[in-house]
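What follows is the residue order along each chain.
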Amino acid sequence: MSETLLSVRDLEVEFDTYGGTVKAVRGVSFDVAKGETLAIVGESGCGKSVTVQTLMGLIPMPPGRITNGTATLKDKSILNLPAAEANKFRGVEIGMIFQDPMSSLNPTMTIGDQIAETLRVHRGKSHQEAFGMAIELLEKTHIPEAAKRARQYPFEFSGGMLQRAMIAQSLACNPSILIADEPTTALDVTIQAQILELMLELQRTEDMSIILITHDLAVVARMADRVAVMYAGQVVESGSVDDIFYQSAHPYTLGLKAAMPSNTHDRDKSLTPILGSPPDLFQPPAGCGYCARCPHAMKICAEHLPEITEVGDEHHARCWLQHESAPTIEMLHQAGG
């Protein structure tokens, strides 16, 4: 068994708003082992980013509030830490790449100075030494003419180069875990492929783990070792990447796969969207969050929260269809369900 670096158990996060309390994360649990890539997938608003930002201590409190759960990094609790304590692991033990590098980088500082600042704060390096290390990090992320580029400002970089600069900054202190929150969202497909290949290369050379936040199943298939599928603030299915793609156990996972574009040349084949909308997390449903959109929903799905069922070795699903007393999908079709 690989060494577990990060363990999250029963995490619950709420936000107080003018409209009421939003229950954004509802009992999320997962582990990240040394050297592996965990992909957290799901459509927008399912709680992916809030989960990892809570672990990083980036959620303003208030209006945010952790109401339950634990998170340990190398057996040390990292939730609700004072700012000074959080800064000791944020960027050092866990690095993070944000969705939009343009808004995440300081437009008034050069790229090299922003990377060097991390090294001065966390490693006590002098400005000159830190700037030299920043150039080396830019070279490691394959930015050409790194010494010249380190003296340029964010507006002088393309989108792909900005993402590489963000990766260089996140790697400055050799973190054990790299969180990549939609790292390829704003990039064209060619640059996406380059960024993903760079992350895989750095994972091998730096021996780090990756938490990949995405809604792109093609990226998951290429990058992930294990997958956690989130919906309505909960993990509804988790397992190896092969389990998720070839032995899907939750109707939501099946719906995501069916909605993927195909490379077939059959023009008569159309996408199969998931009809409806996610539930209102101001008042989460008493039962399964996916019930209103599920083509196989039963009466119990609307009334009681599904149990987490072990489908296979380290493969789990939160679905009543996986209960030992549940009817098969074929039986539901025959009954008109």
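In case you missed it, the structure is sitting above this.
**Q** In this structure, what is going on with the layout of surface pockets? I would like to understand it.
**A** Over the atoms a probe the size of a water molecule is rolled, and this reveals where empty space is left. Put simply, the largest pocket is a space of about 630 Å³. Around the largest pocket, the lining comprises 27 residues; the ones closest to its centre are Phe30, Asp31, Arg226, Ser238 and His316. Listing elements by their share of the lining of the largest pocket, those giving two or more residues are strand E1 (4-17), strand E2 (20-33), strand E9 (226-231), strand E10 (234-240) and strand E12 (315-318). A per-class count over the lining of the largest pocket returns 10 nonpolar, eight polar and nine charged. The volume enclosed by the second largest pocket comes to roughly 500 Å³. If you trace the second largest pocket, you find 20 residues lining it, with Gly91, Met96, Phe98, Thr118 and Gln169 closest to the centre.

**Q** Could you clarify how one ought to interpret the packing of aromatic side chains in this entry?
**A** For any pair of aromatic rings, the description rests on two quantities: the centre-to-centre distance and the angle between the ring planes. Overall, the coordinates contain four aromatic pairs when judged by the stated rule. For the ring pair tyrosine 153 and phenylalanine 155, a centre distance of 6.5 Å and an interplane angle of 15° mean the geometry is stacked. Seen from their ring centres, tyrosine 252 and tyrosine 290 are 5.3 Å apart, and the 65° between their planes marks the pair as edge-to-face. Taken together, the residues tyrosine 252 in helix H11 (residues 251-258) and tyrosine 290 in the loop between H11 and helix H12 (299-303) connect sequence positions 38 residues apart. With respect to burial, tyrosine 252 and tyrosine 290 carry one shared label: buried. Grouping aromatic residues by their ring pairs yields a cluster made of Tyr231, Tyr252 and Tyr290. Positioned above the aromatic ring of phenylalanine 157 is the side chain of arginine 149, whose terminal nitrogen or guanidinium carbon lies 5.7 Å from the ring centre.

Cut-offs applied
Residues numbered from 1 in each chain as written. Predicted model: local features only at pLDDT ≥ 70, side-chain atom pairs only at ≥ 80, totals over all residues. Heavy atoms only, no water. 1 Å grid on protein atoms, 1.4 Å probe; cavity = no way out; pocket = protein on both sides within 12 Å on 5 of 7 lines; lining within 4 Å. Points joined across faces, edges and corners; volume = space filled by probe spheres on them. Helix = DSSP H or I, 4+ residues; strand = E, 2+ residues; numbered from the N terminus. Nonpolar A, V, L, I, M, F, W, Y, C, P; charged D, E, K, R; others polar. Phe/Tyr/Trp six-rings, centres within 6.5 Å; stacked < 30°, edge-to-face > 60°. Buried < 20%, exposed > 50% of the residue type's maximum accessible area, 1.4 Å probe, protein only. Lys NZ or Arg CZ within 6 Å of the ring centre and 35° of its normal.

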